Amino acid sequence: MRLYTLGGLLAALASVQPTLGANFTYNDTDFLLDGEPFKIIGGQMDAQRVPWQEWDSRLALARAMGLNTISTYVYWNQIEDQPGQYITNGSNNFAAYIQKAQDADLKVILRVGPFVCGEHEWGGFPAWLNNIDNMTVRSNNPQFLERTESWLNWLGNWLNPLMINNGGPIIMIQVENEYGFYSNDHTYTSALAAQFENAFTGGAVLYTNDGTDGLESGAIPNILAETDGSTTDGPQARAQDGFKGPSMDGEYYITWLDIVGKTHQSFVGDDAKIASIQAELSTALDNNISFNIYMFNGGTNFGFQNGADWGDSTEPVTTSYDYGAPLDESGRPTDIYYALRETLGNYTSDLPDVPDIEPMINISSIDVKPAFYLFDALPTPQTMDTPVNMEQLNQWYGFTLYRYSVSDAVSGLLTPGVAAKDRIIVYVNGERKGVIDSLYPAGSQQNVSLDLNPGDILDLLNENMGRVNFGGVIPYQTKGVIGDVKVGDTVLTGWDVYTLPLESGLDQPSGASTPSNISSIDSPIFYTATFDVPTPGDTFLELPGWTKGVIWVNGNNLGRFWTIGPQQSYFLPGAWLEKTQNVIQILNLEPSGDEGTVSGVTNRTWAVQPDPDAP
């Protein structure tokens, strides 16, 4: 992990080598590159959702499909993980990503936000914002604007050498994201735009992106206002509302996102739908309408970086961000890709050949074995009278264990603070008693009744399932057990609290007993194995018969798995594998003793299955 303060940025800038610059601007009808009309034929591939080792291949495939521009969100939370400390290596290395895009003959659109939505953890906001007094995100709030200004200035100092005027490929930068769906505080958006204008120099055009219904609410004076969704409705809305400048569909949707427990979204194999996509994009270009395909390649919400939608309950986004995109999650072309290449090839005179891709690999079986109980590997606890949210514990992601030692007998219905935020597994003396899950609306969640005696140990294992990235509850995204925990009418006071971020898995403690005679009442168990592959390559891991948990391979967090689907296969990049002694670690949150064989497959499975913990 590489950390930079602002003063230490000079070394990182040394690798940025700008060349002679160009000029990018626009008039009432056209984008202009060095004074000549330029249609943006773009697609989105977020740098931070793709292993950096695979950037070259996927960018080359973007150019070979006929794109001339790649867009990417910038996830603030993954770079400034702690206030004033910046992680810029691996898939956070935007300077390298942007340079690789230029090497692939692609222009770049940075979608900076700092709120970006993107079905990403809290829309890209760092969780530590929750710890700042009087903070209200996405508002004309001094505390919020102070932090955005600091972040944008740092980012601009890093990436300004790669702006179009300075010889780089960055032609546009997005301010906020679909703010018109959220509110209409133009004082806030104007203040944010001023920060962008100060932070980013080098000729990139600033713009906003909103749905047609939120166009006026999200627009900022003197900033180009664009729309997403339909390539016809957007230009019509812009003309009707009197907006000038060329039209760009900032998010042209091939399909849609996947939500846990709901049907997988994809038009792969649907010839009629693919033909309609081809026709719409061809018509757009014929009518001088630029676009950004969302997504060209969706990638993966590795680790705990998935976001969540909110209706009347939590709707977590899957680990996969496949999005039914032309390039699938693993970076391989689909039939949509080849159809769009055929269409977009009519609008370029120098379409490259489609590059070869290494084949995916099968792994017939990985003989994982139970190694140790999670509760035998706990860190030193923090002691408090009443539980607090994980952010106050300086923890952003993963799990938090709240432990209560019973001194007086008590019985009744468990009330775990103000709400389940997001999913709580309840144990007494290490035996699972039930689940309380915000996947279900308040009033319809599971009930857990307890009968506790002196000497009993009550454990509440809380999982942050992803902070909400869309809608009115965005400002209220603290996680964990918060407030009074009650059994019946009795408030339980005096808790030991253990932070379990589990970024890279967990080391097996010396002397820990090996689980045996495993059953459905057991507490969480870590399973481990080592395995070899003749030739490292991409694969999808499948875990039939496993209910819920997290997978790590060689310390890399592949993300969450959950039997309820629709995702049943989990992308393992070949770049993370060695020929021998690959270490897999699986946190099995709900052991049963009937877990199936873990394997790697080349053809993935999508399926929705019943929730074994449903109310």
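Above this text you will find the structure in question.
Residues numbered from 1 in each chain as written. Predicted model: local features only at pLDDT ≥ 70, side-chain atom pairs only at ≥ 80, totals over all residues. Heavy atoms only, no water.

Time to look at the overall build of the chain. Across its full length, the chain carries ten helices and 34 strands. A compact globule built from 615 residues would reach a C-alpha radius of gyration of about 25 Å, and the chain, at 25 Å, matches this within 12%. Principal-axis analysis of the C-alpha atoms places the extent of the chain at approximately 80 × 55 × 50 Å. Expressed as a percentage of its 615 residues, the buried residues of the chain come to 59%. In the chain, the share of contacts with a sequence separation of at least 24, taken over all contacts with a separation of at least 6, comes to 79%. For the chain, the computed accessible surface area is about 22,400 Å², with 46% contributed by carbon and sulfur atoms. Averaging the coordinates of the 29 positive side-chain charges in the chain and doing the same for the 73 negative ones gives two points 2 Å apart. (Helix = DSSP H or I, 4+ residues; strand = E, 2+ residues; numbered from the N terminus. Rg over C-alpha atoms; globule rule 2.2 N^0.38 Å. Buried < 20%, exposed > 50% of the residue type's maximum accessible area, 1.4 Å probe, protein only. Contact = heavy atoms within 4.5 Å. Areas by Shrake-Rupley, 256 points an atom, 1.4 Å probe, with all protein chains shown as cover. Lys, Arg positive; Asp, Glu negative; His and termini not counted. Charge placed at Lys NZ, Arg CZ, Asp CG, Glu CD.)

Here we come to the pattern of salt bridges. When their charged atoms lie close together, side chains carrying opposite charge are able to pair. Inspection of the entire model under this criterion finds 25 salt bridges. Taking the shortest distance from any N to any O, the salt bridge between arginine 423 and aspartate 437 comes out at 3.1 Å. Here aspartate 437 lies in strand β22 (residues 431-437) and arginine 423 lies in strand β21 (residues 423-428), a separation of 14 residues in the sequence. The class of aspartate 437 is buried, set by a relative accessible area of 2%. Put simply, aspartate 613 and arginine 432 hold a salt bridge, and the shortest N to O gap is 3.4 Å. Of this pair, aspartate 613 sits in the segment after β34 (598-601) while arginine 432 sits in strand β22, and the two are 181 residues apart along the sequence. Neither aspartate 613 nor arginine 432 differs from the other in exposure class; each is buried. (Salt bridge = Lys/Arg side-chain N within 4 Å of Asp/Glu carboxyl O.)

Let us now look at the sheet that holds strand β24 (residues 457-463). The strand order across the open sheet formed by six strands is β18-β27-β19-β24-β21-β22, and the pairing between neighbours is antiparallel. Each edge of the open sheet is held by one strand with a lone partner, namely β18 (382-384) and β22. Going from strand to strand, the sheet's axes swing by 20° on average, the running direction of each strand aside. Pairing of β18 with strand β27 (residues 495-500) involves three bridges; the strand directions are antiparallel. The residue bridging glutamine 382 from the neighbouring strand is valine 497, located in β27. (Pairing = 2+ DSSP bridges. Axes fitted to C-alpha atoms, helices over the stretch in contact; angles between N-to-C directions.)

Counting residues in hydrophobic clusters, the biggest one holds 101 residues, and the most contacted among them are Ile70, Leu110, Ile173 and Phe296. The leading source of residues in this core is helix α5 (residues 142-159), at eight residues. Apart from residues lying up to four places away in sequence, leucine 110 is in contact with Thr72, Val74, Phe94, Ile98, Leu159, Ile170, Met172, Ile173 and Gln174. (Core = buried A, V, L, I, M, F, W, Y, C linked by side-chain atoms within 4.5 Å.)

With respect to the element layout, asparagine 292 can be found in strand β13 (residues 290-294). Under the relative-accessibility criterion, asparagine 292 is labelled buried at 3%. Engagement of the side chain of asparagine 292 in a polar contact is seen with the side chain of serine 71, the distance being 2.9 Å. Setting aside residues no more than four positions away along its own chain, asparagine 292 makes contact with Gly42, Gly43, Gln44, Ser71, Arg111, Asp249, Gly250, Glu251 and Tyr252. (Polar contact = N/O pair within 3.5 Å; in protein donor to acceptor, adjacent residues only side chain to side chain.)

Following the sequence through the fold, glutamine 446 ends up in the loop between β22 and β23 (449-452). Using a relative accessible area of 10% as the deciding quantity, one classes glutamine 446 as buried. Only 3.1 Å separates the side chain of glutamine 446 from the backbone nitrogen of aspartate 437, close enough to count as a polar contact. Here aspartate 613 takes part through its backbone oxygen, which lies 2.6 Å from a polar atom of the side chain of glutamine 446.

What follows concerns the environment of serine 411. Its location among the elements puts serine 411 in strand β20 (residues 410-416). As a C-alpha pair, serine 411 and isoleucine 564 span 153 residues in sequence and 32 Å in three-dimensional space. With residues up to four places along the chain from it excluded, the contact list for serine 411 reads Leu450, Asp451, Val487 and Gly488.

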